[in-house]
Amino acid sequence: MADVKLTAEVRQEFGKGASRRIRATNKVPAVIYGHGSDPVHVTLPGHELMLALKTPNVLITLDVAGKQELVIPKAVQRDAIKGFLVHVDLLLVKRGEKVTVEVPVHTEGELAPGGGLLEHVLSALPVEAEATHIPESVSVSIEGLEPGTSVLAKDIRLPNGTSLAVEEDAVVLQVLQPQAEEPAPEAAEGEGEAAEAATA
């Protein structure tokens with residue numbers, strides 16, 4: 001897991017106006033919480049934070065007023081249109097501590113011939129892992145799977161030290177039967193209009 005270090009500035013201003021001013025300086029407002037402590041409102045460097053968040057469940061060492069804190073992102077808000085970071089919630093963690101996170105599910109291989117459709121029922125798998133050893137993703141082979149086949153949570157191989165945080169029988173992936181094509185609604189409407197014109 002990548003070791004990311006960022007410097008956080010404790011902020012005293014709150015509200016939408018303050019947040020807009022922070023973002024105008026290419027920084028991101030954030031809140032650090034966890035371990036029963038009061039939330040700490042901070043400002044983080046925008047570019048460095050965006051790069052760090054490219055890694056799912058990245059472990060970040062924050063320098064907060066000279067004190068080193070380990071955190072992981074728990075909620076990331078982005079602008080719906082432009083995609084820039086609006087706000088981030090960070091959870092305090094300790095080395096050796098178990099945390100529950102969602103890990104992206106990646107697929108490998110090809111479905112059986114015949115046009116089956118792969119549905120990601122869970123795009124991310126809830127797991128429990130040691131805070132400093134959170135897997136970046138889990139891989140599932142879909143090689144040769146036929147329509148009607150499902151991949152359950154218990155079928156996915158997890159790294160050592162990682163366990164499921166969801167029911168074993170939860171469906172993660174399923175292969176659907178290809179759907180027969182239906183006539184386009186526009187064509188059907190056009191035929192109806194032609195028939196009306198003929199009888200008029």
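For the structure itself, look to the data block above.
Each value, and the rule that gives it
Residues numbered from 1 in each chain as written. Predicted model: local features only at pLDDT ≥ 70, side-chain atom pairs only at ≥ 80, totals over all residues. Heavy atoms only, no water. Helix = DSSP H or I, 4+ residues; strand = E, 2+ residues; numbered from the N terminus. Buried < 20%, exposed > 50% of the residue type's maximum accessible area, 1.4 Å probe, protein only. Contact = heavy atoms within 4.5 Å. Pairing = 2+ DSSP bridges. Axes fitted to C-alpha atoms, helices over the stretch in contact; angles between N-to-C directions. Core = buried A, V, L, I, M, F, W, Y, C linked by side-chain atoms within 4.5 Å. Salt bridge = Lys/Arg side-chain N within 4 Å of Asp/Glu carboxyl O. Polar contact = N/O pair within 3.5 Å; in protein donor to acceptor, adjacent residues only side chain to side chain.

A. Examining the environment of Gly34 more closely. For Gly34, the location among the structural elements is in strand S2 (residues 27-34). On the basis of relative accessibility, which here comes to 12%, the residue Gly34 falls in the buried class. The sequence separation of Gly34 and Leu91 amounts to 57 residues, and the corresponding C-alpha distance is 5.6 Å. Once residues within four sequence positions are removed from consideration, Gly34 is found in contact with Leu91 and Leu92.

B. Seen up close, the sheet that holds strand S5 (residues 67-78). The mixed closed barrel is built from six strands, whose spatial order is S1-S3-S2-S6-S5-S4. On average, each strand axis in the sheet is inclined to that of its neighbour by 45°, with strand direction left out of account. Direction of pairing for S2 relative to strand S6 (residues 85-93): parallel, over a ladder of four bridges. When the bridges of S6 are listed, Val31 appears paired with Asp89.

C. Region of the structure containing the nonpolar core. In this structure, Ile72, Val93, Val99, Val101, Leu125, Ile156 and Val172 are the most contacted members of the largest nonpolar core, which totals 26 residues. Elements with a minimum of two residues in this core: S5, S6, strand S7 (98-108), strand S9 (124-130), strand S10 (138-141) and strand S13 (171-176). Ranked by residue count, the leading element in this core is S7, at four residues. By size, the runner-up hydrophobic cluster in this structure holds 20 residues, among which are Val4, Ile32, Leu85 and Val88.

D. Main features of the pattern of salt bridges. Within the structure shown, the criterion is met by three salt bridges. Among the salt bridges present, the one from Lys67 reaches Glu69, with a minimum N-O distance of 3.5 Å. Here Lys67 falls in the exposed class, since its relative accessible area comes to 53%. A salt bridge links Asp169 to Lys154; its shortest N-O distance comes to 3.2 Å. Here Asp169 is found in the loop between strand S12 (163-164) and S13, whereas its partner Lys154 is found in the loop between strand S11 (150-152) and S12, with 15 residues between them in sequence.

E. The arrangement of the sheet that holds S9 in detail. Read from one edge of the open sheet, four strands run S10-S7-S9-S12, paired in mixed fashion. The sheet is open, and its two edges are formed by S10 and S12, each paired on a single side. Both S7 and S10 contribute to a ladder of four bridges, which runs parallel. Paired with His106 across the bridge in S10 is Ser139.

F. Seen up close, unusual backbone geometry. Backbone geometry at His35 places phi at a positive 60°, although glycine is not the residue there. As for its placement among the helices and strands, His35 is situated in the loop between S2 and strand S3 (37-45). Accessibility expressed as a relative area gives 41% for His35, which makes it partly exposed.

G. Geometry of the side chain of His87. On the secondary structure map, His87 appears in strand S6. A distance of 3.5 Å separates a polar atom in the side chain of His87 from a polar atom in the side chain of Asp89. Contact partners of His87, with chain neighbours within four places excluded, come to Arg11, Val28, Pro29, Ala30, Val31, Ala75, Val76 and Gln77.

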